[in-house]
Amino acid sequence: DYETILFDIAEGVATVTLNRPDKLNSFTGQMRSELRDALKRIESDKAVRAMVLTGAGRGFCAGQDLNDRAVKPGDAPPDTGATLDQEYNPLIRRLRALELPVIAAVNGVAAGAGANLALNCDIVIAGKSAKFIQAFCKIGLIPDCGGTWMLPRLIGRQRALGLALLGDTLPAEKALEWGMIWDCVADDVLAQTANDMARHLATQPTRGLSLIKQAFNQSPTHTLDQQLDLERDLQRMAGKTEDYREGVTAFLEKRKPAFKGE
Ligand code: T3D
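Note that this is a predicted model, so its numbers are computed, not measured.

A. Summary view of the packing of helix 1 (residues 29–44) against helix 2 (residues 80–97). Interaxial distance between helix 1 and helix 2 falls to 10 Å at its minimum, and their mutual angle equals 25 degrees. When the axes of helix 1 and helix 2 are compared, the pair comes out roughly parallel. Here helix 1 runs over helix 2; the crossing is left-handed. Where helix 1 abuts helix 2, its residues Gly 29, Arg 32, Leu 35, Arg 36 and Leu 39 lie against Glu 87, Leu 91, Arg 94 and Leu 95. Each residue belonging to the contact of helix 1 with helix 2 can be placed in one class, and the counts come to four nonpolar, one polar and four charged.

Written out as structure tokens, the structure is:
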């Protein structure tokens, strides 16, 4: 029922595939809206306990579809701030707040908003031929979708600013060396690797994993004291879950735990 994305749920894993391969899966308003709808469905489906985000064809996502941004002489420029406010930013917030682990399987070029969409996922795995481009500077824009927040935290100010100002292509292997992504694997095993990891995560204590994610999401703006308090609060919640009880019981009974995600 979608035209610009593919959506599939199997074995507790929702897979969302950006699907405009001819245009390297660049973002139209329709694709943003279909992605938003897919995220809403994932949020409300208790059976989904992990998500994979990937792209169809040779690209992951080339950011904003620039055909939608062509300005004829005399026309008012598009309100790019409004698109961020009303569409991209809510998407990024929604993705980061999802109460389950999200894996980006970066199958090819990830440029502009596409690069930062990937970096907002919890675990980023890239195929060897993938590359990351902070393409914004080349058309007079600034990195968005949280890029100016995320990049310096992942790779440090110097490398982040270099990428943002130069718009250079960062190959997946270098992204791995710089600590920007979790792993880089052969192209032909990327989908399987991401799916295996997601299926594993979907059998784990989902509530606990989402609390871990929450702690890491909040940590960059906290002092150590604030973070210690947050850890106390989140640990209190984790300690009340059925999965925590099951984890301890299974350990003591020397058996594999059967987590329900609650
Ligand atoms: O509201 C707002 O606008 C603010 C929000 C902004 C968010 C942003 O993401 S701004 C950044 C937008 N993205 C870019 O500037 C990247 C533009 N694309 C490229 O630089 C290159 O395409 C790539 C480096 C990503 C890949 O290069 P290459 O040589 O592998 O492929 P290609 O030949 O350039 O692209 C293949 C096709 O995809 C081509 O179409 P065609 O000629 O075969 O019909 C190309 O035009 C199309 N395509 C690629 N990126 C975009 C795109 N079409 C529309 N928009 C794109 N972003």
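After that view, the rundown keeps rolling.
B. Layout of the sheet that holds strand 8 (residues 131–133). If you walk across this open sheet you meet the four strands as 4-6-8-9, and the pairing is mixed. This sheet does not close on itself; its edge strands, each paired only once, are strand 4 (59–61) and strand 9 (169–171). Mean inter-strand twist for the sheet, computed between neighbouring axes without regard to direction, equals 20 degrees. Relative to strand 9, strand 8 is paired through three bridges, and the arrangement is antiparallel. If you follow Ile 133 over to strand 9, its bridge partner there is Thr 169.

C. Molecular detail of unusual backbone geometry. One non-glycine residue, Glu 11, adopts positive backbone phi at about 50 degrees. Inspection of the secondary structure puts Glu 11 in the loop between strand 1 (5–10) and strand 2 (13–18). Glu 11 sits in the exposed class, given 12 other C-beta atoms within 10 Å. The phi dihedral of Cys 145 falls on the positive side, at around 55 degrees, and the residue is not glycine. Taking the number of C-beta atoms within 10 Å as the measure of exposure, Cys 145 has 26 and is therefore buried.

D. Highlighting the nonpolar core. One finds Met 51, Ile 103, Ala 110 and Ala 118 to be the most contacted residues of the largest nonpolar core, which totals 63 residues. Excluding residues within four positions of it along the chain, Ala 110 makes contact with Phe 60, Cys 61, Ala 115, Ala 118, Ala 130 and Phe 132.

E. Structural detail: the confidence of the model for the chain. Within the chain, residue pLDDT values average 98, and 100% of them lie at 70 or more. The complex model carries a pTM of 0.98, and its ipTM stands at 0.99.

F. Seen up close, the pairing of strand 2. Extensive coverage of strand 2 is indicated by the burial of six of its six residues. The alternating pattern of strand 2 places Val 13, Thr 15 and Thr 17 on one face and Ala 14, Val 16 and Leu 18 on the opposite face, and all of these are buried. Inspection of the sheet shows strand 1 paired to strand 2 by six bridges, in the antiparallel sense. Residue pairing in the sheet places Leu 6 in a bridge with Thr 17 of strand 2. If you look at the hairpin formed by strand 1 and strand 2, you'll find two residues sitting between the two strands, and Glu 11 has a positive phi there, around 50 degrees. Pairing of strand 2 with strand 3 (residues 50–55) involves six bridges; the strand directions are parallel. In the strand pairing of strand 3, Ala 14 is matched with Met 51. Considered for its hand, the β-α-β crossover made up of strand 2, helix 1 and strand 3 is right-handed.

Thresholds, definitions, all that
Residue positions are given per chain, counting from 1 as you read along its sequence in written order. Local features in this predicted model are restricted to residues of pLDDT 70 or higher, and side-chain atom pairs are both shown and tallied only at a pLDDT of 80 or more, whereas totals for entire chains, interfaces and linings draw on every residue. For helices, the axis comes from a line fit to the C-alpha atoms of the stretch in contact; other axes are also lines fit to C-alpha atoms, and the angle between any two N-to-C directions lies between 0 and 180 degrees. Here a helix means four or more residues in a row that DSSP labels H or I, a strand means two or more in a row labelled E, and each is numbered from the N terminus. Oblique is the label for any angle not covered by the other classes, which are roughly parallel (under 35 degrees), roughly antiparallel (over 145) and roughly perpendicular (65 to 115). Crossing handedness follows the turn of the near helix against the far one: under a right angle anticlockwise gives a left-handed crossing, and clockwise gives a right-handed one. What counts as a contact here is a pair of residues whose C-beta atoms, placed from the backbone, lie within 7 Å. Three categories are distinguished: nonpolar for Ala, Val, Leu, Ile, Met, Phe, Trp, Tyr, Cys and Pro, charged for Asp, Glu, Lys and Arg, and polar for the others, with Gly belonging to the last. At least two DSSP bridges between two strands are required for those strands to pair. Three exposure classes are used, based on other C-beta atoms lying within 10 Å of a residue's own C-beta, which is placed from the backbone: buried for 20 or more, exposed for 12 or fewer, and partly exposed in between. A set of buried Ala, Val, Leu, Ile, Met, Phe, Trp, Tyr and Cys residues, joined through C-beta atoms within 7 Å, is what we mean by a nonpolar core. pLDDT measures the predictor's confidence residue by residue and takes values from 0 up to 100. Viewed with both strands pointing away, a crossover whose connecting path from the first strand over the helix to the second turns clockwise is right-handed.

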